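# Residue-level structure breakdown
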Amino acid sequence: MVDSYLWSSDKKGQQNIRALTVETYKKTYTLAELLIVVVIVGIAAMIGIPQYFKVLEKNQNKQARALIKMILEAEKMNRLKTGKFAPCANSEECNQVLKLSLPQDKWDYSVVVDAPEDSSVTGTIKAQRLPDKRVFELTLTASTMPEEVPKCSMDDGYCEGS
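Each chain carries its own residue numbering, running from 1 in the direction its sequence is written. Where local features are concerned, this predicted model is filtered to residues with pLDDT of at least 70; where side-chain atom pairs are given and counted, the filter is 80 or more; whole-chain, interface and lining totals use all residues. Note: side-chain values were computed over all heavy atoms of the structure, leaving out hydrogens and water.

### What about the state of the cysteines?
When two cysteine sulfur atoms lie within 2.5 Å, the pair is treated as a disulfide. Taken as a whole and assessed by the stated rule, the structure comprises one disulfide. Shown here is the disulfide that connects Cys 88 with Cys 94, its sulfur atoms set 2.0 Å apart. Disulfide Cys 88-Cys 94: the torsion about the S-S bond is 70°, which places it as right-handed. Each member of the pair, Cys 88 as well as Cys 94, is classed as buried. Here the term buried applies to any residue with accessible area under 20% of the maximum for its type, exposed to any over 50%, and partly exposed to those in between, with areas from a 1.4 Å probe on protein chains only.

And the structure:
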């Protein structure tokens, strides 16, 4: 029993009519099956996307901490060479003064030195995230050790994924 017909082409380009039988219809998906698949994919996306962004934020925070430690090491080298720490107002200036290659996309790095000529100088190395103003800080002293962990702070005191 033939329900309807479908135009198709064979390998030689000749057109012929192929009968759509009940067996042909059984090979297709129903609307309900397609909707179930869409719902399952939607639920997986609702669960997966926030987790992805948490991991992404955590990695960005780790990158900022690692770059603060790199700035600390560059400051130590600069202090051995010149006898003082070098202040810099932003990432671009830190790159020039300390001869680094800090990325200038999500974080802005700066070094504030309280007394540039003093040998027991204190200051702060900061990494501030541009969109939400999250700040990682490391206090800079003559005896600062690279093992110290930069502290995270925000206006509301909350640092997710740090």
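### Looking at the pattern of salt bridges
Whenever a carboxyl oxygen of Asp or Glu lies within 4 Å of a side-chain nitrogen of Lys or Arg, that contact is scored as a salt bridge. One pass over the structure, following the stated rule, counts three salt bridges. Two residues, Glu 57 and Arg 134, come together in a salt bridge whose shortest N-O distance is 2.6 Å. Placement of Glu 57 in helix 2 (residues 31-82) and of Arg 134 in the loop between strand 4 (123-129) and strand 5 (135-140) is noted, with a sequence separation of 77 residues between them. Residue class for Arg 134 comes out buried when judged on its relative accessible area of 3%. It is possible to trace a salt-bridge network through shared partners that takes in Glu 57, Arg 129 and Arg 134. The secondary structure listing takes helices from DSSP runs of H or I that are at least 4 residues long and strands from runs of E that are at least 2 residues long, numbered from the N terminus.

### Section: the side chain of Gln 60
With respect to the element layout, Gln 60 can be found in helix 2. Classification of Gln 60 by relative accessible area gives buried; the value is 14%. When sequence neighbours within four positions are dropped, the list of residues in contact with Gln 60 reads Lys 106, Trp 107 and Arg 129. Throughout, a residue-residue contact means that at least one pair of heavy atoms, one from each residue, lies within 4.5 Å.

### Details of helix 3 (residues 91-98)
Every buried residue of helix 3 is listed here: Ser 91, Cys 94, Asn 95 and Leu 98. Axial view of helix 3: buried residues confined to an arc of 100°, hence all on one face. Residues of helix 3 that are buried make contact with helix 2 and strand 3 (107-113). In the analysis that follows, any N or O atom pair within 3.5 Å is treated as a polar contact, provided that within protein one partner can donate a hydrogen and the other can accept it, and provided that, for residues neighboring in sequence, both atoms belong to side chains. For helix 3, the side-chain oxygen to backbone nitrogen distance between the N-cap and Glu 92 is 3.3 Å, and the N-cap itself is Asn 90. Taken from the residues just after helix 3, Lys 99 is the one with a positive phi, measuring 55°. Throughout, the arc means the angular range of directions from the helix axis out to the C-beta atoms.

### A closer look at helix 2
The periodicity of an α-helix, 3.6 residues per turn, causes residues three or four positions apart to be oriented the same way. The terminal C-alpha atoms of helix 2 lie 74 Å apart, and with 52 residues this matches the ideal 76 Å at 1.5 Å per residue to within 8%. Along helix 2, the residues that are buried comprise Glu 57, Gln 60, Asn 61, Ala 64, Leu 67, Ile 68, Ile 71, Leu 72, Ala 74, Glu 75 and Asn 78. Looking at the buried positions of helix 2, the neighbouring elements they touch are helix 3, strand 3, strand 4 and strand 5. In the segment just after helix 2, Gly 83 is the residue with positive phi, at about 90°. Expected helix span is taken as 1.5 Å per residue step, with the number of steps being one fewer than the number of residues.

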